[in-house]
Amino acid sequence: ARSAALPDAMLSACLSVYLRSAVPKAATMAATPPLGLPTKLFGLLCERAVPATSNGAVWVSTKVKEAAPEFLEAFRSRPAVGEDAFFGASLPAYVPPREFGYELPKGGAPEVAFAGRSNVGKSSLLGALVKNKSLCRRSKRPGCTATVNYYRLRGLQHESFLVDLPGFGYAQRSKREQAGFSEVTVDYLAQRDRIILRHIVLLIDARRGLRSEGDLAALGALQDLAVSHHVVLTKADLVKPPDLAVAIGDVFTNLHTNRRLATCLPFLHVASSKNNFGVNELRDFVASFLTRSN
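Because the structure is predicted, anything quoted here is derived from the model rather than measured.

**A short note on the sheet that holds strand β7 (residues 197-205)**
Okay, so step 1: In spatial order, the strands read β1-β2-β9-β8-β7-β4-β6-β5-β3; together these nine strands make up an open sheet with mixed pairing. Of all the strands in the sheet, the pair left with one neighbour each is β1 (49-51) and β3 (93-95). With direction set aside, neighbouring strand axes in the sheet form an average angle of 30°.
Okay, so step 2: Strand direction decides the pairing type here: strand β4 (residues 111-116) and β7, joined by six bridges, are parallel. Bridging across to β7, Ala113 finds its partner in Ile200.
Okay, so step 3: Contacts between helix α9 (residues 213-224) and the sheet are confined to β7, β8 (229-234) and β9 (264-270), with β7 contributing the most and set at about 165° to the helix.
Okay, so step 4: Across the sheet, helix α10 (residues 241-257) is in contact with β1, β2 (58-61), β8 and β9; its angle to β9 comes to roughly 170°.

**Here's the deal with the pairing of β7**
Okay, so step 1: The buried count for β7 comes to nine of nine residues, which makes it a mostly enclosed element.
Okay, so step 2: Looking at chain direction, β7 and β8 are connected through six bridges and run parallel. By the bridge assignment, Leu203 is partnered in β8 with Val232.

**Some thoughts on the pattern of salt bridges**
Okay, so step 1: In total, this model carries eight salt bridges according to the counting rule given.
Okay, so step 2: Linking Lys106 and Glu103 is a salt bridge whose minimum nitrogen-to-oxygen distance equals 2.9 Å.
Okay, so step 3: Accessibility expressed as a relative area gives 71% for Lys106, which makes it exposed.
Okay, so step 4: Using a relative accessible area of 45% as the deciding quantity, one classes Glu103 as partly exposed.
Okay, so step 5: Each of the salt bridges in this network shares a partner with another, and the network as a whole consists of Glu99, Arg152 and Glu159.

**Re the nonpolar core**
Okay, so step 1: Judged by nonpolar contacts, the single largest core of 77 residues is most densely connected at Leu162, Leu165, Tyr188, Ile200, Leu233, Ile248 and Leu268.
Okay, so step 2: In terms of residue count, helix α11 (residues 279-290) provides more of this core than any other element does, seven residues in total.

**Quick word on unusual backbone geometry**
Excluding glycine, residues mostly have negative phi values, and the peptide bonds linking residues are mostly trans.
Okay, so step 1: Phi is positive for Lys131, close to 60°, though the residue is something other than glycine.
Okay, so step 2: Following the sequence through the fold, Lys131 ends up in the loop between α6 (122-129) and β5 (149-153).
Okay, so step 3: Classification of Lys131 as partly exposed rests on a relative accessible area of 46%.
Okay, so step 4: Notably, Lys235 is not glycine yet its phi reads approximately 60°, a positive angle.
Okay, so step 5: Here Lys235 shows up in the loop between β8 and α10.

**What about the packing of α6 against α11?**
Okay, so step 1: For the pair α6 and α11, interaxial distance at closest approach is 10 Å and the crossing angle is 80°. One finds that α6 runs roughly perpendicular with respect to α11. Of α11, the residues touching α6 (which contributes Leu125, Ala128 and Leu129) are Val279, Leu282 and Arg283.
Okay, so step 2: When grouped by side-chain class, the residues that make up the contact of α6 with α11 number five nonpolar, no polar and one charged.

**Focus: the side chain of Asn149**
Okay, so step 1: Take Asn149: it is sitting in strand β5.
Okay, so step 2: On the accessibility criterion, Asn149 (5% relative accessible area) is buried.
Okay, so step 3: Side-chain polar atoms of Asn149 contact the side chain of Thr147, separated by 3.2 Å.

**A closer look at the confidence of the model for the protein chain**
Okay, so step 1: Mean pLDDT over the protein chain works out to 77, with 74% of the residues at or above the 70 mark.
Okay, so step 2: Averaged pLDDT values for the elements of the protein chain fall to 39 in helix α1 (residues 8-21) and rise to 96 in β4.
Okay, so step 3: Note on residues 1-38: pLDDT under 50 across the span, and 62 contacts to partners over four residues away in sequence or across chains.

**Description of the packing of aromatic side chains**
Okay, so step 1: In this structure the tally under the stated criterion is seven aromatic pairs.
Okay, so step 2: Here the aromatic rings of Phe168 and Phe181 are separated by 5.5 Å at their centres, their planes lie at 85°, and the arrangement is edge-to-face. One end of the pair, Phe168, is in the loop between β6 (160-164) and α7 (175-179); the other, Phe181, is in the loop between α7 and α8 (183-191), with 13 residues separating them in the sequence.
Okay, so step 3: Relative accessible area serves as the criterion here: at 1%, Phe168 is assigned to the buried category.

**Things to note about the environment of Lys235**
Okay, so step 1: Taking the C-alpha atoms as reference, Lys235 lies 9.1 Å from Leu125; in sequence the two are 110 residues apart.
Okay, so step 2: Not counting residues up to four positions away in its chain, the partners in contact with Lys235 are Asn119, Val120, Gly121, Asp205, Arg207, Ala271 and Ser272.

Rules of the game
Residues numbered from 1 in each chain as written. Predicted model: local features only at pLDDT ≥ 70, side-chain atom pairs only at ≥ 80, totals over all residues. Heavy atoms only, no water. Pairing = 2+ DSSP bridges. Helix = DSSP H or I, 4+ residues; strand = E, 2+ residues; numbered from the N terminus. Axes fitted to C-alpha atoms, helices over the stretch in contact; angles between N-to-C directions. Contact = heavy atoms within 4.5 Å. Buried < 20%, exposed > 50% of the residue type's maximum accessible area, 1.4 Å probe, protein only. Salt bridge = Lys/Arg side-chain N within 4 Å of Asp/Glu carboxyl O. Core = buried A, V, L, I, M, F, W, Y, C linked by side-chain atoms within 4.5 Å. Parallel < 35°, antiparallel > 145°, perpendicular 65-115°, else oblique. Nonpolar A, V, L, I, M, F, W, Y, C, P; charged D, E, K, R; others polar. Polar contact = N/O pair within 3.5 Å; in protein donor to acceptor, adjacent residues only side chain to side chain. pLDDT = per-residue confidence, 0-100. Phe/Tyr/Trp six-rings, centres within 6.5 Å; stacked < 30°, edge-to-face > 60°.

Written out as structure tokens, the structure reads:
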């Protein structure tokens, strides 16, 4: 995923400079080494994406930059929500199903849901977002989330929810659930009013990129169901910068090639629950949907 206009020798030299400048497995790993050149190189490697934040935690489609540069500038200059406004007076709390009568909530509070393959790090990232890594249940055995789990937020001027959807791709599930969303997830996505369900955060393992049948099927299902969504690459601390660049490029190439930008927003987040890289940026992005007035 690199530009053919850049000579191989120059690419190798620039990449060498970048790797010497970057701090491995640190929050600055994506696009902020002390030299200006590596950031440009990183954009070349990604080819279809440009950094939307100074630390490289968020990337945006080049088509957006070319067609609507003011949109990108507005995104970069928007004020951060801040943790106090996001959390309110109390930290998020898990809501047991019995509180809703074992049905989906009916109060109309806005929701942002998180989906992804089993073992993609969904529960860990949710724990980092809510600053309570023990709140979201995790297990060394993949595929433990089999129901729709709700976490209540009391900040953002009103009640809202983060929703943890069942993972897919686990070998001990049915063939359909291995290949894509479970029936529980599909029912949730199909039935939930879009005024309530504001957005889906689709998590992709940065080490594998957007290549598995299950991830591609999930993207297709979200497109077919007309659900607003975007992609987050997880476990960024485990990926070297060149491999991360390829993963970013793969995502945007797929979105452009398959014309998925109708419901898939042209943003991509890079995050790590281990070192909290990109967590604040993702939290602000999620908050923008929960505070939307519709």
